[in-house]
Amino acid sequence: MEYQTVKVREQQQICFLQFYRPEANNTINDRMVEECHHVLDRYEESAKILVMEGLPDVFCFGADFQEMHDQMANGRQSERNPGRLYDLWMRLATGPLLTISHVRGKVNAGGIGFVAASDIVLAERTAQFSLSELLFGVFPAAVLPFLIRRTGTAKANYMTVMTKAISAEQAASWGLVDACDDDSRSLLRKHLLRLKPLSKSAVVKYKRYMQRISEPLAQAKPIAVKANLEMFSDPQNLTGIYRYIETGKFPWEE
């Protein structure tokens, strides 16, 4: 398969997956979701570790509002399938690979889902983490079950309602980030050196065990998907998103 939204390479049982949509600020669209699923299908047996990376200035920036705008401008309703994205995060959280998010730059909205679903999160000290959804009348329904698992309800609630970015050090103090450093590449190398000796069979057994004790994630899926579909089919919310792309103004601005 020729990937259009990600770049992939494998080295010594480590699969490096780079989100690569520089023209779209590394936002998530359906093709990216499907290509990430394909990468997991392809490497879950041969690899032991999955490292997810973005661009130097943006890790992943959530839903592709520009694509939604273009579909609406052409009179088409976006056929959203949030269940596929939720399933992708479930595979990261409970599948057979040790998953690492290596975060540089900004990560927002759905991008936080990739981070929160990871086993290990490493960040450059200048990285920023945010949930901006409530600015547009929606909320991060699919992200929250994974985020709460890492930070607890109170911090996930604060990130959601405040909508502002927090620093890597703040994210580390809340449990969203495991380690941060000025040189995150060096930090990643040190972690990989520590993880490489682990046996594949031990990793698989451990992740299967974690899946069995992570049932709340599976139970939350139908609730999260239903809420997401309802919010992104609300005409008022869609109008606000369309206007933001057209004018740069948030829904409450004149």
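Computed from a predicted model, the values in this text were never measured in an experiment.

**Here we look at the sheet that holds strand 4 (residues 58–60)**
In space, the four strands of this open sheet follow the order 4-6-8-9, with mixed pairing throughout. The sheet is open, and its two edges are formed by strand 4 and strand 9 (166–167), each paired on a single side.

**As for the packing of aromatic side chains**
Per the stated rule, a full pass over the model turns up 11 aromatic pairs. Taken together, a centroid distance of 5.4 Å and an interplanar angle of 85° make the contact between F19 and F59 edge-to-face. Here F19 is found in strand 2 (residues 14–19), whereas its partner F59 is found in strand 4, with 40 residues between them in sequence. The same class applies to F19 as to F59, namely buried. Pairing F250 with W252 gives two aromatic rings, centres 4.9 Å apart and planes at 5°, and the pair type is stacked. Each residue in the set F19, F59, Y86, W89, F114 and F146 is aromatic and connected to the rest through ring pairs, giving one cluster. Sitting over the ring of Y20, K7 keeps its end group 3.9 Å from the ring centre. The ring of F16 has R9 sitting right over it, with the charged end atom 4.0 Å from the ring centre.

**Some thoughts on the environment of M231**
Among the structural elements, M231 can be located in helix 10 (residues 215–231). The class of M231 is buried, set by a relative accessible area of 8%. In this structure, the C-alpha to C-alpha distance between M231 and S167, residues 64 residues apart in sequence, is 28 Å. Setting aside its immediate chain neighbours within four residues, M231 contacts V138, F139, A141 and N237.

How each quantity is defined
Residues numbered from 1 in each chain as written. Predicted model: local features only at pLDDT ≥ 70, side-chain atom pairs only at ≥ 80, totals over all residues. Heavy atoms only, no water. Pairing = 2+ DSSP bridges. Helix = DSSP H or I, 4+ residues; strand = E, 2+ residues; numbered from the N terminus. Phe/Tyr/Trp six-rings, centres within 6.5 Å; stacked < 30°, edge-to-face > 60°. Buried < 20%, exposed > 50% of the residue type's maximum accessible area, 1.4 Å probe, protein only. Lys NZ or Arg CZ within 6 Å of the ring centre and 35° of its normal. Contact = heavy atoms within 4.5 Å.

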